[in-house]
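Structural features, examined
So you can see what is in the structure, the chains are spelled out below.
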Amino acid sequence: MYDQFPEHDVPQNNLIQRFFSQRWSAIALEIVMTIVITIAAGAAFDFFDPLDGEQTTAAAVEVAEELRAGDPLAFIKQRGKDFVREGRFAAAEAMFAWAIAVAPEEAESYSWRGYVKMQAGDYIGAQADYRKLLELRPADFDGHNALCWAYGETKDFAEARAHCQQALRRAGSRANYARAIENWCWLLVEMGDFKQAAQYCRFALEYAPEYPEAHALAHFNMGRVYVAQGKVDKALPHFHEALRIGSSYPKMYLEIGAIYDRLGDHAAARASYEQYRELLGGGARGAGVGLAVGS
């Protein structure tokens, strides 16, 4: 697991990170770019799917040429975002670690790497990245909303509550507010506060049904409230609707499948488990935390 790195520091895992961790104000930009380009060409085997030697060499040349022609940091970050969209989270994390090594005070890369770690189920590592993001941008909605979820997953409920409340204050848009309300609903279920959770889950369902991910998860969590209260007949319609809308959150399918199994509906359980396995096979390991993959 990851520790929080000291301010102005980065992990010392490879040549480029060791190089950029040195505080040499006199490094010439040409030298920096030469090293970046050289490593990009050598790393092409890791970041492209080689079919044969010629194609891999061509990919390496393409990386080097694009780095020379444009903004190297922007190129590295864009490749990381592309890998996220493709579900290639290990490659994406490597790219954003590289971007952080190049520009350790640039906030966006921490946000993206934290998102990737959340998808991988590395909640401690994600917490460290989002804390760094909030050091650089204290009012960042995604940072607070993600930490609400990440701390909730590790049962650090005091921290989770504080960040949930900050996310609600800093939502700034209907879409963000819908996500923050759903996150708060989920956290209250995790804490076992089912009475309050029911209130917020109902509000999440009524507030913004036009945002399908938040709406599906609100149905899922409302169903969990009813299950905890022994009202399975009321829970099932919410689970059916959550499955109909769909979500990128694998644990939703796992938990609903387990409930169907207990009720003896093994066909529905198998269908839910299959969706869980498909999401895992696509690279997802955690829940969506609100970072707009299209940004």
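Note that this is a predicted model, so its numbers are computed, not measured. (Residues numbered from 1 in each chain as written. Predicted model: local features only at pLDDT ≥ 70, side-chain atom pairs only at ≥ 80, totals over all residues. Heavy atoms only, no water.)

**What about the pattern of salt bridges?**
If you walk through the whole model with that rule in mind, you get 19 salt bridges. The partner of K77 in a salt bridge is E106, and the shortest N-O contact between them spans 3.1 Å. Of this pair, K77 sits in helix α5 (residues 72–85) while E106 sits in the loop between α6 (89–102) and α7 (107–119), placing them 29 residues apart in sequence. Residues participating in the shared-partner salt-bridge network are K77, K81, E106 and E108. (Salt bridge = Lys/Arg side-chain N within 4 Å of Asp/Glu carboxyl O. Helix = DSSP H or I, 4+ residues; strand = E, 2+ residues; numbered from the N terminus.)

**Digging into the nonpolar core**
In globular proteins that are soluble, nonpolar side chains generally tend to be buried together. Grouped together as the largest cluster of nonpolar side chains are 62 residues, with contacts concentrated most on V84, Y130, F220 and M252. At eight residues, the largest contribution of residues to this core is made by α6. In contact with F220, other than residues within four places in its own chain, are F239, A242, Y249, K251, M252, E255 and I256. (Core = buried A, V, L, I, M, F, W, Y, C linked by side-chain atoms within 4.5 Å. Buried < 20%, exposed > 50% of the residue type's maximum accessible area, 1.4 Å probe, protein only. Contact = heavy atoms within 4.5 Å.)

**A word on the environment of A94**
Secondary-structure assignment places A94 in helix α6. It is 8.7 Å that separates the C-alpha atoms of A94 and R113, two residues lying 19 residues apart in sequence.

**Here's the deal with the side chain of D129**
If you trace the backbone, D129 turns up in helix α8 (residues 123–136). Reaching out from D129, the side chain makes a polar contact with the side chain of R113 at a distance of 2.8 Å. Excluding its chain neighbours within four sequence positions, the residues that come into contact with D129 are Y110, R113, G114 and K117. (Polar contact = N/O pair within 3.5 Å; in protein donor to acceptor, adjacent residues only side chain to side chain.)

**Observations regarding the state of the cysteines**
Counting across every chain of the model gives two disulfides. Covalently, C185 is tied to C201 through a disulfide, its sulfur atoms 2.0 Å apart. Residues C185 and C201 are joined by a disulfide whose S-S torsion is about 80°; by sign, that bridge is right-handed. Linking C185 in helix α11 (residues 174–191) with C201 in helix α12 (residues 194–207), this pair joins segments that are 16 residues apart in sequence. Residue C185 shares its accessibility class with C201, and that shared class is buried. In the chain, the bonded cysteines, taken in the order they occur along the sequence, pair up as 1-2, 3-4. (Disulfide = S-S within 2.5 Å.)

**Some details on the confidence of the model for the chain**
With 71% of its residues at a pLDDT of 70 or more, the chain has an overall mean of 79. Mean pLDDT across the elements of the chain bottoms out in helix α2 (residues 29–42) (43) and peaks in α8 (97). Across residues 1–53, confidence stays below pLDDT 50; counting only partners more than four residues off in sequence or on other chains, it has 76 contacts. Taken together, the stretch residues 285–295 has pLDDT below 50 and engages in 44 contacts with residues farther than four places along the chain or on a different chain. (pLDDT = per-residue confidence, 0-100.)

**A short note on the packing of helix α14 (residues 232–245) against helix α15 (residues 250–262)**
For the pair α14 and α15, the least separation of the axes is 11 Å and the interaxial angle reads 140°. Our classification of the angle between α14 and α15 gives oblique. Crossing hand, α14 versus α15: left-handed. Where α14 abuts α15, its residues L236, F239, H240, A242 and L243 lie against M252, Y253, I256, I259 and Y260. Grouping the constituent residues of the contact of α14 with α15 by class yields nine nonpolar, one polar and no charged. (Axes fitted to C-alpha atoms, helices over the stretch in contact; angles between N-to-C directions. Parallel < 35°, antiparallel > 145°, perpendicular 65-115°, else oblique. Left-handed = near helix turned anticlockwise from the far one by under 90°. Nonpolar A, V, L, I, M, F, W, Y, C, P; charged D, E, K, R; others polar.)

**Some remarks on α15**
When the terminal C-alpha atoms of α15 are compared, their 19 Å separation across 13 residues agrees well with the 18 Å that a helix rising 1.5 Å per residue should span. Taken as a whole, α15 has its buried residues at P250, M252, Y253, I256, G257, I259 and Y260. Phi turns positive one or two residues past the end of α15, at G264, with a value near 85°. (Expected span 1.5 Å × (residues − 1).)

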